[in-house]
Amino acid sequence: MLGPFTRFLRSVELRREPITDPTKHPFTVPAIRNLDTLEFHPQVTFFIAIVLAYPHAQLFSFSADAITPVRYEETEHFMLTRDFLMNRERYLARLLEEPPPEPTRPTRRKKR
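Description of the structure in this document.

Analysis parameters
Residues numbered from 1 in each chain as written. Predicted model: local features only at pLDDT ≥ 70, side-chain atom pairs only at ≥ 80, totals over all residues. Heavy atoms only, no water. Helix = DSSP H or I, 4+ residues; strand = E, 2+ residues; numbered from the N terminus. Buried < 20%, exposed > 50% of the residue type's maximum accessible area, 1.4 Å probe, protein only. Contact = heavy atoms within 4.5 Å. Areas by Shrake-Rupley, 256 points an atom, 1.4 Å probe, with all protein chains shown as cover. Pairing = 2+ DSSP bridges. Salt bridge = Lys/Arg side-chain N within 4 Å of Asp/Glu carboxyl O. Phe/Tyr/Trp six-rings, centres within 6.5 Å; stacked < 30°, edge-to-face > 60°. Axes fitted to C-alpha atoms, helices over the stretch in contact; angles between N-to-C directions. Parallel < 35°, antiparallel > 145°, perpendicular 65-115°, else oblique. Nonpolar A, V, L, I, M, F, W, Y, C, P; charged D, E, K, R; others polar.

### Digging into the overall build of the protein chain
1) Next: Helices and strands together make up the secondary structure of the protein chain, namely four helices and four strands.
2) Next: For the protein chain, the sequential pattern of α-helices and β-strands runs β-α-β-α-β-β-α-α.
3) Next: The proportion of buried residues among the 112 residues of the protein chain is 12%.
4) Next: Within the protein chain, contacts between residues at least 6 apart in sequence are counted, and of these 31% link residues at least 24 apart.
5) Next: For the protein chain, the exposed area adds up to about 10800 Å²; of that, 58% sits on carbon and sulfur atoms.

If you want it as structure tokens, here you go:
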């Protein structure tokens, strides 16, 4: 659920009333079957890639404007990971590059 003063996901709740068949996927997965409310730490809200890629997973993108369904390949996590794996040297070069030196001020020559 989204808190009233934040844009971050605070918890997820499984509402059992609309479930027509609890013996079907994904409700047969123990982590889902036993889920009531999943609380998120306010500074950490992410899912690992394996959970995101789970077959038949329904993924949603949360923004300030809307909650929309998204395919796994459209997630920011997938795109960033794929781009890193395909361009590892470029990422590492940028991440590990030395910061630019501080600009030096020109010194004035003393008049003789």
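Back to the text.
### Focus: the pairing of strand β3 (residues 59–62)
On a regular strand, each side chain points to the face opposite its neighbour's, so the side chains alternate between the two faces of the sheet.
1) Next: As paired strands, β3 and strand β4 (residues 67–70) are joined by four bridges and run antiparallel to one another. Looking at the pairing, Phe60 lines up with Pro69 of β4.
2) Next: Where β3 folds back on β4, the antiparallel hairpin that results is connected by four residues.

### Section: the pattern of salt bridges
1) Next: This model, assessed by the stated rule, comprises six salt bridges.
2) Next: What emerges from the salt-bridge pattern is a single network uniting Arg71, Glu73 and Glu74.

### Re the side chain of Thr75
1) Next: You can see Thr75 is positioned in the loop between β4 and α3 (76–86).
2) Next: By relative accessible area, which is 12% here, Thr75 ends up buried.
3) Next: Not counting the four nearest positions on each side in its chain, Thr75 is found in contact with Leu59 and Val70.

### Description of the environment of Met79
1) Next: Within the fold, Met79 resides in helix α3.
2) Next: Among all residues touching Met79, those that are not within four sequence positions of it are Glu73 and Glu74.

### Side note on the packing of aromatic side chains
1) Next: Counted by the stated rule, this structure contains two aromatic pairs.
2) Next: Consider the rings of Tyr72 and Phe78, whose centres lie 5.0 Å apart with planes at 65°: the pair is edge-to-face.

### Points about the packing of α3 against helix α4 (residues 88–96)
1) Next: Where α3 contacts α4, the two axes come as close as 5 Å, and the packing angle between them is 95°. By the angle class used here, α3 and α4 are roughly perpendicular. In this structure, α3 uses Leu80, Asp83, Phe84, Leu85 and Met86 to contact α4, whose residues at the interface are Arg88, Arg90, Tyr91 and Leu92.
2) Next: Class assignment for the residues of the contact of α3 with α4 results in six nonpolar, no polar and three charged.

Any link to function would need more than the numbers given here.
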